Amino acid sequence: MLVCVLIFASLFAMTVSAADLITVGYAQIGAESDWRTANTESFKSTFTEENGFKLIFDDAQQKQENQIKAIRNFIQQEVDYIVLAPIVETGWETVLGEAKEAGIPVILSDRQIKVTDDSLYVAWVGGNFLQEGYNAVEWLDGYLKENGRENEDINIVLLQGTIGSSAQVGRTEGVEKLLADRPKYHLLAKQTGEFTQAKGQEVMESFLKSYDDIDVVIAENDDMGYGAMEAIKAAGKVPGKDIIMISYDSGRRAFEKVIAGELNVTVECNPLHGPRVAEIIKKLEAGETVDKIQYVDEGVFDIKNAAEILPTRTY
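Keep in mind the model is a prediction, meaning the values are calculated, not measured.

Thresholds applied
- Residues numbered from 1 in each chain as written.
- Predicted model: local features only at pLDDT ≥ 70, side-chain atom pairs only at ≥ 80, totals over all residues.
- Heavy atoms only, no water.
- Helix = DSSP H or I, 4+ residues; strand = E, 2+ residues; numbered from the N terminus.
- Buried < 20%, exposed > 50% of the residue type's maximum accessible area, 1.4 Å probe, protein only.
- 1 Å grid on protein atoms, 1.4 Å probe; cavity = no way out; pocket = protein on both sides within 12 Å on 5 of 7 lines; lining within 4 Å.
- Points joined across faces, edges and corners; volume = space filled by probe spheres on them.
- Nonpolar A, V, L, I, M, F, W, Y, C, P; charged D, E, K, R; others polar.
- Contact = heavy atoms within 4.5 Å.

1. Section: unusual backbone geometry
Inference 1: Despite not being glycine, Glu78 has its phi angle at roughly 55°, a positive value.
Inference 2: Examined against the element boundaries, Glu78 turns out to sit in the loop between helix H3 (64-76) and strand E3 (81-84).
Inference 3: Look at Glu78 and you get exposed, because its relative accessible area is 67%.
Inference 4: Non-glycine residue Ser250 carries a positive phi angle of around 75°.
Inference 5: Looking at where Ser250 falls in the secondary structure, it is placed in the loop between strand E9 (244-249) and helix H9 (252-260).
Inference 6: Classification of Ser250 as buried rests on a relative accessible area of 0%.

Have a look at this one:
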């Protein structure tokens, strides 16, 4: 009898413990880049039972319909919170309306959405994509001046991310806005590389066949930049020397490429959103209000600071 009582007590304690956990469903875009991998790991390492959470993770494999299905599954499972990294900005009204009706708060991570009712989500955490666009062109201004090339005509190609994603929209807008103010900068072409290395290489190969006077590549993430480097090498040119290379995200591999001289600069898009989202949830649990828009801290890294920062880089 004593053994039965002890077993029952143990099971009861486990049930209470599980009931105390905050259940979070995370609809992730996929695993298209080093950045995305680091972003996923940030959530998985933060939303643990030790930290008071139960995480239900879903990889949408780059398909919005998979994310919508995941959100509906989260609603059916009666999770406490839904975190969404939206693949594109539009098409979320209906499913997020369903989450709102179910009383489940939604927090956006990384990319933003366009909805007529912004009460469909409680907060967004991510990078300032427009500012990231500005950062790239402003860095180029300084680099050309340092190298005595500020009076040259500069031909630029732009490898865009997934069209319609807020990262692509913001970075493209920022880049194009500043380029328009600089008459010696010429945007020869822009095309999506879908944030992947393979597609980035394919598009860069096409650019190189169409233009023999490319001075600068701006890749809207590091992975497309790596693909562009391979295309440039295959064309008999040296990335970082014959063609100035600018990319976004700033993972460890990007720092290594900067130090090696193949990448001139990487503009940071901080992927470590897990702790900030957890902080938001804790505040909501305590009945506190939270800011609707929450930017993460970001920097710009080139040969001047990459070697110093690399040893401390966690992604």
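We are not done yet, so read on.
2. Observations concerning empty space enclosed by the protein
Inference 1: This model, assessed by the stated rule, comprises one cavity of 30 Å³ or more.
Inference 2: Of the volumes computed, that of the largest cavity is approximately 90 Å³.
Inference 3: Looking at the largest cavity, the residues that line it are Glu32, Ser33, Trp35, Arg36, Asp110, Arg111, Ala167, Arg171, Phe195, Asn221, Asp249 and Cys269.
Inference 4: Breaking the lining of the largest cavity down by element, the ones donating at least two residues are helix H2 (34-46) and helix H6 (166-180).
Inference 5: For the lining of the largest cavity, the residue count by class is four nonpolar, two polar and six charged.

3. Regarding the environment of Ile75
Inference 1: Among the structural elements, Ile75 can be located in helix H3.
Inference 2: Distance from Ile75 to Val95, taken between C-alpha atoms, is 9.7 Å for residues 20 residues apart in sequence.
Inference 3: Non-local contacts of Ile75, meaning those with residues more than four positions away in its chain, are made with Ile82, Val95, Glu98, Ala99, Ala102 and Ile104.

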